[in-house]
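Report on the structure
Chain by chain, the residues run as shown.
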Amino acid sequence: MNFFDRLANRIAATDSIVSVGLDADIDRIPDHLHEYDLPRWAFNRRIIDATHEHAAVYKPNVAFYEDADGWAALEETIAYAHGKDVPVLLDAKRADIGNTARQYAKLLDSADAITVNPYMGRDSLDPFLSREDKGVFILCRTSNPGGSDMQNLELASGETLYEWVASLADLWNGNGNVGLVVGATTPDELEELRERVPDLPFLVPGVGAQGGDVEAAATYALADGAGLVNSSRGIIFAGEDAGEQFAEASGQAAKRLKKRLNQYR
Ligand SMILES: O=C(O)c1cc(=O)[nH]c(=O)n1[C@@H]1O[C@H](COP(=O)(O)O)[C@@H](O)[C@H]1O
């Protein structure tokens, strides 16, 4: 079964389109977890225990794990999420020339889906796109303040660069495994892109800590039952001041976001 069918099943089973972002910032995880060999894994395990009923996927951003202990923590986290039947979307934003991209694509051996950067073109994404059973989310209109610097440039055709990326992504979807990353901080673009590429599921980050539009995110994320709205810090650090009980607040935050999103879809 391909990734988006599995995701649609997971969304139906949990009644949730919430992507819980496991951005386990080592400087923000509770003090008492630093006595463990792998504090980020100890943290994630507790977050997963508290949130998995409300999680359509977990989305660890690899930036928070790119050191020796980090990779070990990430592998433990992925295996544990799978043990709870939750797919894992690795936020890696990768792409490169062919032989390098083939190495990056090995990240998909343990994860179910990945984020990639389209800037180097089709061949740089082939090693990801050819993994028919895995999901590939292509950065399109990102949520950060500088997202418009390049993505909103107008091309000779009159389209913007992000619109062109969306159309290319549609063309590259021969295996039915392509989605787009579109931020909740630009709701007009979200709406317009949903019309342009009605068949591509969106990963919509930017609600919560970045203050994006929850209603627009939920309204436009889904295509054929698959699509995601991510919150990372807003969920995993919801209990930052609660000491050893921190994970309870995360469970409540994930449930609250699920319910809010469900009002609009
Ligand atoms: O690809 C992403 O997930 C992503 C794209 C984007 O446009 N904006 C964005 O915030 N993200 C990621 O989504 C997460 C957002 O985290 P919070 O702002 O803490 O919810 C981070 O891991 C970001 O790297």
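Residues numbered from 1 in each chain as written. Predicted model: local features only at pLDDT ≥ 70, side-chain atom pairs only at ≥ 80, totals over all residues.

Relative to the helices and strands, R102 resides in helix α4 (residues 98–104). Here the alpha-carbon distance between R102 and P145, two residues 43 residues apart in the chain, equals 31 Å. (Helix = DSSP H or I, 4+ residues; strand = E, 2+ residues; numbered from the N terminus.)

Before going further, it helps to spend a moment on the UniProt feature "domain: Orotidine 5'-phosphate decarboxylase" (unreviewed entry) in the protein chain. According to UniProt, the feature "domain: Orotidine 5'-phosphate decarboxylase" (unreviewed entry) maps to residues 17–246 in the numbering used here. Secondary structure within residues 17–246 divides into 36% helix and 16% strand; the distance between the first and last C-alpha atoms comes to 23 Å. (UniProt positions renumbered as here; feature names shortened; annotations may be inferred.)

The sites that carry the UniProt feature "active site" (unreviewed entry) are, in the present numbering, K93. Inspection of the secondary structure assignment puts K93 in strand β3 (residues 89–94). Those residues in contact with K93 that sit more than four places away from it in its chain are T115, V116, N117 and L139. (Contact = placed C-beta atoms within 7 Å.)

What follows is about the site of the ligand. In the vicinity of the ligand, 20 residues are found, and the nearest of them are N61, T142, P205, S232 and R233. At the level of secondary structure, the elements contributing two or more residues to the shell around the ligand comprise β8 (228–231) and α10 (233–236). For the shell around the ligand, the per-class residue count stands at 3 nonpolar, 14 polar and 3 charged. (Near = placed C-beta within 6 Å. Nonpolar A, V, L, I, M, F, W, Y, C, P; charged D, E, K, R; others polar.)

Another point: the pairing of β8. Judged by which residues are buried, β8 turns out to be covered on both faces: L228 and N230 on one side and V229 and S231 on the other are all buried. Relative to β8, strand β1 (residues 18–21) runs parallel, the two being bridged by 3 bridges. For V20, the partnering residue across the bridge sits in β8 and is S231. The pairing of strand β7 (residues 202–204) with β8 spans 2 bridges and is classified as parallel. Looking across to β8, one finds that L203 is bridged to L228. What joins β7 to β8 is helix α9 (residues 214–220), and the crossover it makes is right-handed. (Buried ≥ 20, exposed ≤ 12 C-beta atoms within 10 Å, placed from the backbone. Pairing = 2+ DSSP bridges. Right-handed = clockwise from strand over helix to strand, strands pointing away.)

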